[in-house]
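# Geometric and topological summary
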Amino acid sequence: MNKKVISALLCAAMAASMATPVLAEGTAEGKTFAVVTKAAGNPYNEKEASGFQEVIEAEGGTVIVKHPETATADAQISVVQSLISQEVDAICIAGNDENALQASLQEAMDAGIKVACMDAKVNPDSRMTFVNQAGTMEIGQALMDAVLDISGGEGQWAILSATSQATNQNAWIEAMKEVMQDEKYSKLELVEVVYGDDEPQKSTDVTQALLQNYPDLKVICAPTTVGIAAAAKVLQDSGSACKLTGLGLPSEMSEYIGDDDAHSCPYMFLWNPIDVGRLGAYTSIALVNEEITGAAGDTFTAGELGDYEIVDAADGGTEVILGAPFKFDPSNIDEWKDIY
């Protein structure tokens, strides 16, 4: 099967997943579902929230969308406390800190609120289950293989992350470091992990510092949609020989993706954040309707996303995994930049 056929099949599969799901009527009727993102102004989180809202409203429920003012645990704790007082039926949260939210989320569960997390997990005592966008090791493997490929197999590279407390970022970085133990990555030197705090200006500043501190830097890997967009602009505007990969939104990265010297990012990965939100909504509905408890082995149907099983997670809790990361490159970026 040639590359064009494979690309067409992959695109068709993703397009199908983005179609409006066929939903049973009224399964969320009379219930209130809250989704709490990491922070206001994060386009990835906004896409997640839109998918969550779409499903809940189509299922007859009421949605409360909360974007905290800052990407901190304290900001999310205030939101959770407010939602407890509003007596919502479910909270689905993208955690800014794995452990700091535990007291508030336990209080919510003690009040009878069903708590799940998506995108960035909170610890097992703070959730009933975790909606994971892709397997942690699969992401780590994909990103390390990209660094190996883009660097030519050797040289200095760096990681530009979100916040130092971001649980998803930290898990992916640890997975990358584990993958790096294989002999084939032995000529790669990870010089530094820097943090842009999911802020465009800070991500720009730390990218510029990396280029100044490591003039022979070959690749920056940014597993954060805010960071990768900021770094791409710095590299492309400066004409730097350093290249970029990571996790990004096609709509924000299309002008930077190319396989020539004029483009800073040969290719990158992501999943459909709208589908992450949709799966978060279906999971929350199933919890509220007591179709699942969040235990490993529980199964449920998530509209056109298909059937899912809750499985054991590496941290001792449980998770439901949306799917594998998808590669965006010059052959398909134009098809996806207008979608999300």
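Cut-offs used in this document
Residues numbered from 1 in each chain as written. Predicted model: local features only at pLDDT ≥ 70, side-chain atom pairs only at ≥ 80, totals over all residues. Heavy atoms only, no water. UniProt positions renumbered as here; feature names shortened; annotations may be inferred. pLDDT = per-residue confidence, 0-100. Contact = heavy atoms within 4.5 Å. 1 Å grid on protein atoms, 1.4 Å probe; cavity = no way out; pocket = protein on both sides within 12 Å on 5 of 7 lines; lining within 4 Å. Points joined across faces, edges and corners; volume = space filled by probe spheres on them. Helix = DSSP H or I, 4+ residues; strand = E, 2+ residues; numbered from the N terminus. Nonpolar A, V, L, I, M, F, W, Y, C, P; charged D, E, K, R; others polar. Pairing = 2+ DSSP bridges.

Where an unreviewed UniProt entry is consulted, the protein chain appears under the name Rhamnose ABC transporter substrate-binding protein, with the organism given as Candidatus Limivivens merdigallinarum. Among the UniProt annotations of the protein chain, the heading Subcellular location (unreviewed entry) holds the following wording: "Cell envelope".

## Notes on the confidence of the model for the protein chain
Per-residue confidence for the protein chain gives a mean pLDDT of 92; residues scoring 70 or more make up 92%. Every residue in residues 1–25 is under pLDDT 50, and counting partners more than four places away or in other chains gives 38 contacts.

## Observations concerning empty space enclosed by the protein
The full count for this structure, using the stated rule, is three cavities of 30 Å³ or more. Its volume calculated, the largest cavity comes out at about 120 Å³. Along its surface, the largest cavity is lined by 17 residues, and Y44, N168, Q169, T224 and T225 are the ones closest to its centre. At the level of secondary structure, the elements contributing two or more residues to the lining of the largest cavity comprise α2 (43–58), α6 (167–179) and α8 (225–238). At three residues, the largest contribution of residues to the lining of the largest cavity is made by α6. Looking at the second largest cavity, its volume works out to about 50 Å³. Residue lining of the second largest cavity: K38, A71, G95, N96, A162, T163, A166 and D198, and that is the complete set. Along the lines of polarity and charge, the residues of the lining of the second largest cavity split into three nonpolar, three polar and two charged.

## Looking at the pairing of strand β14 (residues 318–321)
In the sheet, strand β5 (residues 129–132) pairs with β14 via three bridges, with the strands oriented parallel. Bridge pairing in β14 places F130 opposite E319. Pairing of strand β13 (residues 311–312) with β14 involves two bridges; the strand directions are antiparallel. Paired with D312 across the bridge in β14 is T318. Hairpin connection of β13 to β14: five residues between the antiparallel strands, including G316 at a positive phi of 95°.

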